[in-house]
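Single-letter residue listing:
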Amino acid sequence: MDQGPKPSELLGTRATFFLTRVRPGNVWSASDFTIDSNSLHVSLFTPANAVIGHYILKIEISQGQGHSVTYPLGTFILLFNPWSPEDDVYLPSEILLQEYVMQDYGFVYKGHERFITSWPWNYGQFEEDIIDICFEILNKSLHYLKNPAKDCSQRNDVVYVCRVVSAMINSNDDNGVLQGNWSEDYSEGVSPLEWNGSVAILRQWSARGGQPVKYGQCWVFASVMCTVMRCLGVPTRVVSNFRSAHNVDRNLTIDTYYDRNAEMLSTQKRDKIWNFHVWNECWMIRKDLPPGYNGWQVLDPTPQQTSSGLFCCGPASVKAIREGDVHLAYDTPFVYAEVNADEVIWLLRDGQAQEILAHNTSSIGKEISTKMVGSDQHQSITSSYKYPEGSPEERAVFMKASRKMLAPQRASSPFLDLLESGGLRDEPAQLQLHLARIPEWGQDLQLLLRIRRVPDSTHPQGPIGLVVRFCAQALLHGGGTRKPLWRHTVRVNLDFGKETQWPLLLPYSNYRSKLTDEKLIRVSGIAEVEETGRSMLVLKDISLEPPHLSIEVSERAEVGKALRVHVTLTNTLLVALSSCTMVLEGSGLVNGQITKDLGTLVAGHTLQIQLDLYPTKAGPRQLQVLISSNEVKEIKGYKDIFVTAAGAP
């Protein structure tokens, strides 16, 4: 029997074994065979350390006197086996296996930690051609192109395979699957917001000979990697980290800057805080690490930084991240910083950082979320990544990781000394911004400023005067901002122990044409104490809700029979939605995608679409619907549908 990337290429494993009545153990063997008049029935057993891939199965029949004849029996594909206790990806829970291997749809969680939105996604790992495309991805990797035999021989190592896939999902080093784009100009391809699932992306990549598909961002990269890894037999899930740090210089601090008018300023530094970032976790044994680090491992296919010369990340043990063991492979310091870095906010005067407005030890790594097992709801797994914020354990782990990560740079740092000394200054007032109601795109935004006078070291009980300057800016996915779209100034006198409230109005006309497709606004306020000149900062990030669509089915779903689907969208905005298009997708429900042009939806009007689907697979299914327009790119909905087998009662 021969193994290789294709049945015709004899690379990797070659195993010869006899038919036996009893299985000999964790080796290649053929046993439990029966022979009738015309055929041989046999069970083939593979060792847990066999390489994954395509195999050719042959039978050799001895004819005596040293003569034999060989017949090809066919081909098969060997995958990782998470049901086998001997496999490195063994997961001892059938419920979890159904969720993390067999489930071919799910959710990505986006938005803001206080406004988490569910984004349905069609993984489609069991679609007819996807498994071949997955091995095509492996066979186009730089590792395979450099040394095919060596690459194939390492495909029994799940750590190795994960790193290869992580590098191949992006196209920074190779002809990977997706080309990233964070420029907001998607005219040469598809906006990352307009993908419903992985199948169309993988098929396009394969059909065009490995030409990268345009375009992806973190949730697209991670969702496609989830498809590939589940297809290869590795339990995998998609994880969202809200306010995710990108700490290039490894100092575990991210600096952001504001001027006295509360405008968030751009910086030449590569460090940033993503509004959210999405990666994968794969379940495996880590034989390359000391005991205690098995289980979920972070893999990140988004091209943020290189690892061993390629744009890939992980696997990094989640347990190692929680304990601050940043010396362990792979890329653990980078992932640790993504969920644990501190944020230092500076006030700039005359181009110089002159005052620390805030040192936030708990603003990064919020609401780390994944799909709840057996549910459409999201589940917070933050406690898997770190101890409770502000707890002695969390700060102890942070100091442990800081010393290890800063050691190559210098033995101590002023900021590390500041952390150990116990923090920064006290403030003479507490400022909070609240929203009066759930914010919807197309509506005026009503906010409420609350200010309470509290004692501080400079003015323990006396009254103070405040000048609060507000600024609103479109918030970019990468954490930066556009130019201000709204400014406002408030003057307040505060007596000790008193609280005042001040209403603020941000009109729709100010932000209508100023936001990105993700519809996020940062409202910043800097309060200057007139008596001392000291400044205080208040922030509010606002995620605007798009209109909601509904999906209904009129009868029981059955394989091969027409299923009437009703899609309804009411334009609750003050403006028309122009150039509307609808895309439907769902494995077992739709063959590929269904696309319809819907024209213009006038403000206040309702759009109703009816169409028939013909399910092809029984069992639980999910229909994903995306309606996109020039004004709002992502109006998404889904419908869980259970499909019965043809003729079932």
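Residues numbered from 1 in each chain as written. Predicted model: local features only at pLDDT ≥ 70, side-chain atom pairs only at ≥ 80, totals over all residues. Heavy atoms only, no water.

Considerations on the overall build of the chain
Consideration 1: Summing up its helical and strand segments, the chain has 13 helices and 33 strands in all.
Consideration 2: Its C-alpha atoms put the chain at 110 × 65 × 40 Å along the principal axes.
Consideration 3: Within the chain, buried positions represent 53% of all 649 residues.
Consideration 4: In the chain, once contacts between residues fewer than 6 apart in sequence are set aside, the share between residues at least 24 apart is 65%.
Consideration 5: Carbon together with sulfur atoms contributes 50% to the accessible area of the chain, which is approximately 27,600 Å² in total.
Consideration 6: When the 62 basic and 71 acidic side-chain charges of the chain are each reduced to a single mean position, those positions are 2 Å apart. (Helix = DSSP H or I, 4+ residues; strand = E, 2+ residues; numbered from the N terminus. Buried < 20%, exposed > 50% of the residue type's maximum accessible area, 1.4 Å probe, protein only. Contact = heavy atoms within 4.5 Å. Areas by Shrake-Rupley, 256 points an atom, 1.4 Å probe, with all protein chains shown as cover. Lys, Arg positive; Asp, Glu negative; His and termini not counted. Charge placed at Lys NZ, Arg CZ, Asp CG, Glu CD.)

Let's talk about the sheet that holds strand E16 (residues 352–360)
Consideration 1: Strand order across the open sheet formed by three strands is E11-E15-E16, with mixed pairing between neighbours. Each of the sheet's edge strands pairs with one partner strand only, and the pair in question is strand E11 (253–258) and E16. Neighbour to neighbour, the strand axes of the sheet diverge by 30 degrees on average, direction disregarded.
Consideration 2: With six bridges connecting them, E11 and strand E15 (residues 342–349) associate as parallel partners. When the bridges of E15 are listed, Ile 254 appears paired with Glu 343. (Pairing = 2+ DSSP bridges. Axes fitted to C-alpha atoms, helices over the stretch in contact; angles between N-to-C directions.)

Observations regarding the pattern of salt bridges
Consideration 1: Per the counting criterion, the structure on display carries 31 salt bridges.
Consideration 2: For Asp 342, the salt bridge identified is with Arg 395, shortest N-O distance 3.3 Å. On the criterion of sequence distance, the pair formed by Asp 342 in strand E15 and Arg 395 in helix H11 (residues 392–406) is long-range, its members being 53 residues apart.
Consideration 3: Residue class for Asp 342 comes out buried when judged on its relative accessible area of 0%.
Consideration 4: In the salt-bridge network here, residues are joined through shared partners; they are Glu 127, Asp 129, Arg 203 and Lys 617. (Salt bridge = Lys/Arg side-chain N within 4 Å of Asp/Glu carboxyl O.)

Here we look at unusual backbone geometry
Consideration 1: Backbone torsion omega between Lys 214 and Tyr 215 reads 5 degrees, so that peptide bond is classified as cis.
Consideration 2: Checked against the element boundaries, Tyr 215 lands in strand E9 (residues 213–216).
Consideration 3: Look at the link from Ala 329 to Tyr 330: it is a cis peptide, with omega at -5 degrees.
Consideration 4: In the Ramachandran plot, Leu 252 falls in the positive-phi region, its phi being about 65 degrees despite a non-glycine side chain.
Consideration 5: Looking at the secondary structure, you find Leu 252 in the loop between strand E10 (236–246) and E11.

Digging into the side chain of Ser 628
Consideration 1: Residue placement: Ser 628 occurs in strand E32 (residues 619–628).
Consideration 2: A polar atom in the side chain of Ser 628 sits 3.3 Å from the backbone oxygen of Lys 633. (Polar contact = N/O pair within 3.5 Å; in protein donor to acceptor, adjacent residues only side chain to side chain.)

What about the packing of aromatic side chains?
Consideration 1: Per the stated rule, a full pass over the model turns up 17 aromatic pairs.
Consideration 2: On the numbers, 5.3 Å between centres and 50 degrees between planes, the contact of Trp 28 with Tyr 55 is tilted. On the criterion of sequence distance, the pair formed by Trp 28 in the loop between strand E1 (2–4) and strand E2 (29–35) and Tyr 55 in strand E4 (residues 53–64) is long-range, its members being 27 residues apart. Across the pair, Tyr 55 and Trp 28 agree in class, each one buried.
Consideration 3: An angle of 80 degrees between the planes, with centres 5.2 Å apart, marks the rings of Tyr 508 and Tyr 511 as edge-to-face. Of this pair, Tyr 508 and Tyr 511 both sit in helix H13 (residues 508–511), separated by three residues, roughly a single helical turn.
Consideration 4: Aromatic rings pair up to connect Phe 17, Trp 28, Tyr 55 and Phe 76 into one cluster.
Consideration 5: Its guanidinium or amino end placed over the ring of Trp 219, Lys 110 lies 3.8 Å from that ring's centre, counting from NZ or CZ. (Phe/Tyr/Trp six-rings, centres within 6.5 Å; stacked < 30°, edge-to-face > 60°. Lys NZ or Arg CZ within 6 Å of the ring centre and 35° of its normal.)

As for the domain arrangement of the chain
Consideration 1: On domain assignment, one finds that the chain holds domain 1 (2–78), domain 2 (94–404), domain 3 (426–543) and domain 4 (549–643).
Consideration 2: Centre-to-centre separation of domain 1 and domain 2, based on C-alpha positions: 40 Å.
Consideration 3: On the side of domain 2, 14 residues touch domain 1, which itself brings 12 residues to the contact.
Consideration 4: Between domain 1 and domain 2 the total buried area reaches about 990 Å² when both faces are included, carbon and sulfur atoms providing 69% of it. (Domains from an automatic or database assignment. Buried area = accessible area lost by both parts, 1.4 Å probe.)

Quick notes on the side chain of His 477
Consideration 1: Take His 477: it is sitting in the loop between strand E21 (464–475) and strand E22 (481–494).
Consideration 2: The class of His 477 is buried, set by a relative accessible area of 7%.

Thoughts on the sheet that holds strand E24 (residues 520–529)
Consideration 1: With respect to topology, four strands assemble into an open sheet ordered E22-E21-E24-E25, the strand pairing being antiparallel. Edge positions in the open sheet fall to E22 and strand E25 (535–543), since each of these has one partner strand only. When the angles between neighbouring strand axes are averaged without regard to direction, this sheet yields 15 degrees.
Consideration 2: Sheet topology note: the E21/E24 ladder contains nine bridges and is antiparallel. Within E24, the position partnered with Val 467 by the bridge is Glu 528.

What about the UniProt feature "binding site: Ca(2+)" (unreviewed entry) in the chain?
Consideration 1: Here the UniProt-annotated "binding site: Ca(2+)" (unreviewed entry) positions come out as Asn 340, Asp 342, Glu 389 and Glu 394. The greatest C-alpha distance among the annotated residues, which extend across 55 residues, is 12.2 Å, indicating that they converge on a single site.
Consideration 2: You can see Glu 389 is positioned in the loop between helix H10 (382–385) and H11.
Consideration 3: Among residues more than four places away in sequence, those in contact with Glu 389 are Thr 361, Ser 362, Ile 364, Gly 365 and Glu 394.
Consideration 4: There is a polar contact of 2.6 Å between the side chain of Glu 389 and the side chain of Lys 386. (UniProt positions renumbered as here; feature names shortened; annotations may be inferred.)

Digging into the pairing of strand E3 (residues 40–45)
Consideration 1: Pairing of E2 with E3, which is carried by five bridges, proceeds in the antiparallel orientation. The partner of Ile 35 across the bridge, within E3, is Leu 40.

Comments concerning the UniProt feature "active site" (unreviewed entry) in the chain
Consideration 1: The positions UniProt marks with the feature "active site" (unreviewed entry) are Cys 218, His 277 and Asp 300. The greatest C-alpha distance among the residues just named is 9.7 Å, despite their covering 83 residues of sequence, which places them together in space.
Consideration 2: Turning to its location among the elements, Cys 218 is positioned in helix H7 (residues 218–231).
Consideration 3: By relative accessible area, which is 1% here, Cys 218 ends up buried.
Consideration 4: For Cys 218, the contacting residues outside a window of four places in its chain are Phe 276, His 277, Val 278, Thr 302 and His 477.
Consideration 5: Tracing the backbone shows His 277 in strand E12 (residues 272–284).
Consideration 6: When sequence neighbours within four positions are dropped, the list of residues in contact with His 277 reads Cys 218, Val 239, Ser 240, Asn 241, Ser 244, Asp 300, Thr 302, Gln 304 and Glu 338.

Notes on helix H9 (residues 332–340)
Consideration 1: Most of H9 sits inside the fold, with nine of its nine residues counted as buried.
Consideration 2: Taken together, the buried positions of H9 are Thr 332, Pro 333, Phe 334, Val 335, Tyr 336, Ala 337, Glu 338, Val 339 and Asn 340.

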